[in-house]
Amino acid sequence: MKIMLTVGRYFKQRFGEKVRKIPISLSGFTCPNIDGSVAKGGCIYCKNETFSPSLVMKKKQDLDNKATTINSIHKGPQQIDSVHKVKDIMRLKMNFSLTENPLLPTQLRELEEQFYYHANFHKNKYGIKKYMVYFQSFTNTYAPFDTLKALYTKALKLPDVVGMSIGTRVDCVDSKLLDFLEQFVKDGKEIWLEYGIQSIYEETLKLTNRGHTMEGVESLFQETRKRGIKVCAHLIYGLPNESVDMMIHSLETILSYGIDSLKIHPLYVVEGTALARMYKKGEYKPITLEEYGEATVRSLKIIPPNIVVQRVSAGAHDESLIAPQWCFDKNIQMRYLRDRLKKEGIDY
Ligand code: SF4
């Protein structure tokens, strides 16, 4: 039996006990692929709240408080000056010409609130005593350097926090940031950068409006790992025009670059996205559960046992999900995958 290194098993080995990732979603953060810096409209499947529990929580709070977030700039006519300013600052971040961020106090407060909300839940319900802060929504390195410094430093000072995981894009990390994060590694903290790759095929990246290519990704991974920062690569199976063989080739390619961890997701269609429009016009056929099962089995067979496989499932549990329907219930999805994997001698 091949025993996969799940994130739970990894944390147990590394810290001797259970560790929970605490998802964080902050006002003002956006993505260069949404705000027009590299592209407009975002990836064709992107609707951040379908994969971010804290964003759902924050949106509810925002509605309650009648506050405005960067999201509302993209989704509605309501706009306020400070958010506009931050949006512009975020947009200019890549040339590091601005450092001012009027939303920083709000972001620091939200970080604390969201951390305690989730940490207390896991502490009281499951007796969890250690946490990793997970900056999850949008692009969490896409902000003025001083903002990132303040947020990351604060995150790692929160009680019982052993490390931090930062979700980002391959075009939003530079050596200044890596050098800064390396200091935390030297202090004994566990630091992960989660890079969205999705596919190694340029035609797929173009078709899905990723707004970046694969150029330089291999050396970025090397630069990250050289500093003791762990690389978690995200892949999506079921992207338009991709066969199972292509999905496996994407996986083999990023494994050859050298990574520490993986997240594999099935692509699902949610309301309000460009992918939904393609699907409704018959231009996109979602991956079936059987095909996804085949891709997962083939993947886990070739993933070395020292790579942390953080997830192989994903879904949207609300009315926004259009297709495939098997992505509505992650438990059904995982039962099916675990059964198939077990028959192949893989324990996940
Ligand atoms: S990179 Fe991420 S946040 Fe940005 S548009 Fe794509 S899926 Fe959305």
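Scope of this entry: the structure provided in the associated data block. (Residues numbered from 1 in each chain as written. Predicted model: local features only at pLDDT ≥ 70, side-chain atom pairs only at ≥ 80, totals over all residues. Heavy atoms only, no water.)

## Some remarks on the pattern of salt bridges
So the rule is basically this: Note on definitions: salt bridges are taken to be side-chain nitrogens of Lys or Arg within 4 Å of carboxyl oxygens of Asp or Glu. Elements are defined by DSSP. Helices are runs of H or I of four residues or more, strands are runs of E of two residues or more, and each kind is numbered from the N terminus. Accessible area is worked out with a 1.4 Å probe on protein chains only. A residue is then buried under 20% of its type maximum, exposed over 50%, and partly exposed in between.
Counted by the stated rule, this structure contains 18 salt bridges. With a shortest N-O distance of 3.0 Å, E223 and K226 are connected by a salt bridge. Separated by three residues within a single helix, E223 and K226 lie in helix α9 (residues 217–226), roughly one turn from each other. Looking at E223, the relative accessible area reads 29%, which means it is partly exposed. In this structure, the salt-bridge partner of K281 is E283, at a minimum N-O distance of 3.9 Å. Residue K281 is classed as exposed on the basis of its relative accessible area of 60%. With a relative accessible area of 46%, E283 lands in the partly exposed category.

## Some points on the nonpolar core
This is how it is decided: Only buried Ala, Val, Leu, Ile, Met, Phe, Trp, Tyr and Cys residues count toward a nonpolar core, and they belong to the same one when joined by side-chain atoms within 4.5 Å. Throughout, a residue-residue contact means that at least one pair of heavy atoms, one from each residue, lies within 4.5 Å.
The biggest cluster of nonpolar side chains holds 80 residues, and the ones touching the most others in it are F135, Y152, M164, L181, Y195, I197 and Y237. In terms of residue count, helix α10 (residues 244–257) provides more of this core than any other element does, eight residues in total. Each residue touching Y237, except ones within four places of it in the same chain, is listed here: M247, I248, L251, I264, H265, P266, L267, I287, Y292, A295 and S299. Grouped together as the second largest cluster of nonpolar side chains are 13 residues, L239, A276, M278 and A323 included.

## Topic: the packing of aromatic side chains
Note the following rule: What counts as a ring pair is set by centres within 6.5 Å for rings of Phe, Tyr and Trp (its six-membered ring), and what kind of pair is set by the plane angle: stacked under 30 degrees, edge-to-face over 60, tilted for all other angles. Over a ring means this: the NZ of a Lys or the CZ of an Arg is within 6 Å of the ring centre and within 35 degrees of the ring normal.
Enumeration according to the criterion identifies 13 aromatic pairs in this entry. Summarising the aromatic geometry, the rings of Y10 and F11 are spaced 5.8 Å apart at their centres and angled 50° between planes, so their arrangement reads as tilted. When the centroid spacing of 5.9 Å and the interplanar angle of 90° are considered together, the rings of Y10 and W192 count as edge-to-face. Linking Y10 in helix α1 (residues 7–15) with W192 in strand β6 (residues 190–198), this pair joins segments that are 182 residues apart in sequence. Considered together, Y10 and W192 belong to a single accessibility category, that of buried residues. An aromatic cluster of three or more residues is present, and its members are Y10, F11, F15 and W192. The residue whose ring lies beneath R20 is Y126, and the NZ or CZ to ring-centre distance is 5.5 Å. Geometry around F145 places K176 over its ring, the cationic atom sitting 4.3 Å from the centre.

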